[in-house]
Amino acid sequence: AQSVAQPEDQVNVAEGNPLTVKCTYSVSGNPYLFWYVQYPNRGLQFLLKYITGDNLVKGSYGFEAEFNKSQTSFHLKKPSALVSDSALYFCAVRDPNSGYALNFGKGTSLLVTP
Amino acid sequence: DAGVIQSPRHEVTEMGQEVTLRCKPISGHDYLFWYRQTMMRGLELLIYFNNNVPIDDSGMPEDRFSAKMPNASFSTLKIQPSEPRDSAVYFCASRRRDLTNTEAFFGQGTRLTVV
């Protein structure tokens with residue numbers, strides 16, 4: 001079985017401050033990990049992914065995420081938040097040994113205040 | 001490419017009516033996924049296809065739900081009869097079969113309201 005947890009329903013951060021959105025996963029094999037962002041009334045947009053290689057992956061809009069195998073985590077980070085980063089963020093995992101679909105976390109609402 | 005196209009964007013229907021949601025995946029993509037998003041349950045995978053063949057439909061909640069993919073450029077998700085608890089945003093996504101496991105691209109979604 002595979003699952004992904006986002007322990008925070010909401011994260012609040014002031015503009016210009018660093019932000020972190022947490023994600024932990026549980027899969028039987030080596031995971032493929034993804035972050036997506038959803039703006040109001042829109043579909044999900046891909047931000048970044050970890051498949052293999054360097055544990056620190058960089059994605060769109062200045063976001064990055066670090067794969068930590070020992071802690072089974074894949075936290076999303078950005079050094080300096082923008083008000084326009086306010087959105088719903090989803091972590092997703094795929095176990096390559098058990099199908100081709102992504103299993104999504106419940107999402108974390110990020111609010112960046114001016 | 002125009003991306004994944006879903007129609008309609010909004011659907012309001014009465015309980016008991018049949019509802020059909022439509023999806024056109026990105027050209028050349030081999031996989032197509034249907035997801036449902038609700039506040040309570042988040043994003044749930046309903047079914048996915050590979051080369052027009054249903055691979056995993058274990059997420060389809062009931063026999064009232066059915067999905068088809070008659071060709072590589074079109075898929076439907078049908079609910080018959082619809083119930084108020086089916087109200088949700090339904091997303092279609094597609095991806096290419098690729099050794100590097102490319103990401104899935106999502107449509108804008110169909111917001112279904114069953115009254």
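For the structure, see preceding data.
Right, let's walk through the structure included here. From a predicted model like this one, the values you see are computed outputs, not experimental measurements. Per chain, the residues get numbers from 1 upward, laid out in the order the sequence is written. All chains are assigned letters beginning at A, and all ligands numbers beginning at 1, according to the order in which they are written. Where local features are concerned, this predicted model is filtered to residues with pLDDT of at least 70; where side-chain atom pairs are given and counted, the filter is 80 or more; whole-chain, interface and lining totals use all residues. Remark: hydrogens and water are excluded; side-chain values derive from all non-hydrogen atoms of the structure.

## A few points about empty space enclosed by the protein
Put plainly, a pocket is an open set of points on a 1 Å grid over the protein atoms alone with protein on both sides within 12 Å along at least five of seven lines, a cavity is a set where a 1.4 Å probe fits but cannot get out, and a lining residue has an atom within 4 Å of a point. Grid points are joined across faces, edges and corners, and a volume is the space filled by probe spheres set on the points. Applying the stated rule across the entire model yields 1 cavity of 30 Å³ or more. As a volume, the largest cavity reaches approximately 40 Å³. Residues are sorted three ways: Asp, Glu, Lys and Arg are charged, Ala, Val, Leu, Ile, Met, Phe, Trp, Tyr, Cys and Pro are nonpolar, and all the rest, Gly among them, are polar. Tallied by class, residues from the lining of the largest cavity come to 5 nonpolar, 2 polar and 3 charged.

## As for the nonpolar core
Soluble globular proteins tend to pack their nonpolar side chains together in the buried interior. By size, the foremost hydrophobic cluster in this structure holds 27 residues, and its most contacted members are Trp35, Leu47, Leu48, Phe74, Leu76 and Tyr89 of chain A. Numbering of helices and strands runs from the N terminus; a helix is a DSSP stretch of H or I covering at least four residues, while a strand is a stretch of E covering at least two. Mapped onto this core, the elements with two or more residues apiece are strand S2 (10-14), strand S3 (19-21), strand S5 (32-38), strand S6 (44-50), strand S8 (64-68), strand S9 (73-78), strand S10 (87-94) and strand S12 (108-113) of chain A. Counting residues per element, this core draws most heavily on S10 of chain A, at 4 residues. If you look at the next biggest cluster of nonpolar residues, it comprises 21 residues, including Val19, Phe49, Met69 and Val114 of chain B. Nonpolar cores were defined as sets of buried Ala, Val, Leu, Ile, Met, Phe, Trp, Tyr and Cys residues, with membership established by side-chain atoms within 4.5 Å. Categorising residues by exposure relies on relative accessible area from a 1.4 Å probe, with only protein chains included: less than 20% of the type maximum marks a residue as buried, more than 50% marks it as exposed, and the intermediate range marks it as partly exposed.

## With respect to the state of the cysteines
Residues and elements named next belong to chain A. Two cysteine sulfur atoms form a disulfide, by the criterion used here, when they sit within 2.5 Å. Applying the stated criterion across every chain yields a total of 2 disulfides over all chains. A disulfide bridge connects Cys23 with Cys91, and the sulfur atoms are separated by 2.0 Å. Looking down the S-S bond of the Cys23 and Cys91 bridge, the torsion is -65°, so its handedness is left-handed. With a gap of 68 residues between them, Cys23 in the loop between S3 and strand S4 (24-26) and Cys91 in strand S10 connect regions that are remote in the sequence. You can call Cys91 buried: its relative accessible area is 0%.

## What to know about the packing of aromatic side chains
Stacked, edge-to-face and tilted are the three classes for Phe, Tyr and Trp ring pairs, Trp counted by its six-membered ring, which pair at centre distances within 6.5 Å; planes under 30 degrees apart are stacked, over 60 edge-to-face, the rest tilted. Evaluation of the coordinates by the stated rule reveals 15 aromatic pairs over all chains. Their ring planes at 80° and their centres at 5.8 Å tell us that Phe104 of chain A and Phe106 of chain B sit as a pair that is edge-to-face. Taken together, the residues Phe104 of chain A in strand S11 (residues 103-104) and Phe106 of chain B in strand S10 (residues 105-106) connect one chain to another. Considering the side-chain rings of Phe33 of chain B and Tyr48 of chain B, the 5.3 Å spacing of their centres and the 35° angle between planes classify their relative orientation as tilted.

## Quick notes on the pattern of salt bridges
Salt bridge criterion: a side-chain nitrogen from Lys or Arg within 4 Å of a carboxyl oxygen from Asp or Glu. Scanning the model with the defined rule gives 11 salt bridges over all chains in all. Ionic pairing is found between Glu64 of chain A and Lys58 of chain A, a salt bridge with its closest N-O pair at 2.9 Å. Note on Lys58 of chain A: relative accessible area 64%, which makes it exposed. Residues Arg64 of chain B and Glu62 of chain B are paired through a salt bridge, measuring 2.8 Å at the closest nitrogen-oxygen approach. A residue is classified by how much of its surface remains accessible, and Arg64 of chain B, at 11% relative accessible area, is buried. Given a relative accessible area of 25%, Glu62 of chain B falls into the partly exposed group.

## Brief notes about the interface of chain A and chain B
By a widespread convention, an interface's size corresponds to the accessible area lost as its parts come together. We call two residues in contact when some of their heavy atoms are within 4.5 Å. If you look at the interface, chain A gives 20 residues, while chain B gives 22 residues. A quick way to say it: buried area is the sum, across both parts, of accessible area lost when two parts are put together, with a 1.4 Å probe. Here chain A meets chain B over a buried area of about 1,700 Å², counting both sides, of which 49% is carbon and sulfur. Taken as a group, Leu44, Tyr100 and Phe104 of chain A account for 30% of the area that chain A buries against chain B, more than any other trio of residues on that side. In this assembly, chain A and chain B are joined by 1 salt bridge. Among the ionic pairs, Glu103 of chain B bridges to Lys49 of chain A, the shortest N-O distance being 3.3 Å. In protein, a polar contact means a hydrogen-donor-capable atom and an acceptor-capable atom, both N or O and within 3.5 Å, with residues adjacent in sequence counting only if both atoms are side-chain atoms; elsewhere, any N or O pair within 3.5 Å suffices. The tally of links from chain A across to chain B stands at 8 residue pairs in polar contact (both at pLDDT 80 or more). Sorting elements by how many residues they give to the side of chain A that touches chain B places S5 of chain A first, with 4 residues. Here the residues of the side of chain A that touches chain B sort into 12 nonpolar, 4 polar and 4 charged.

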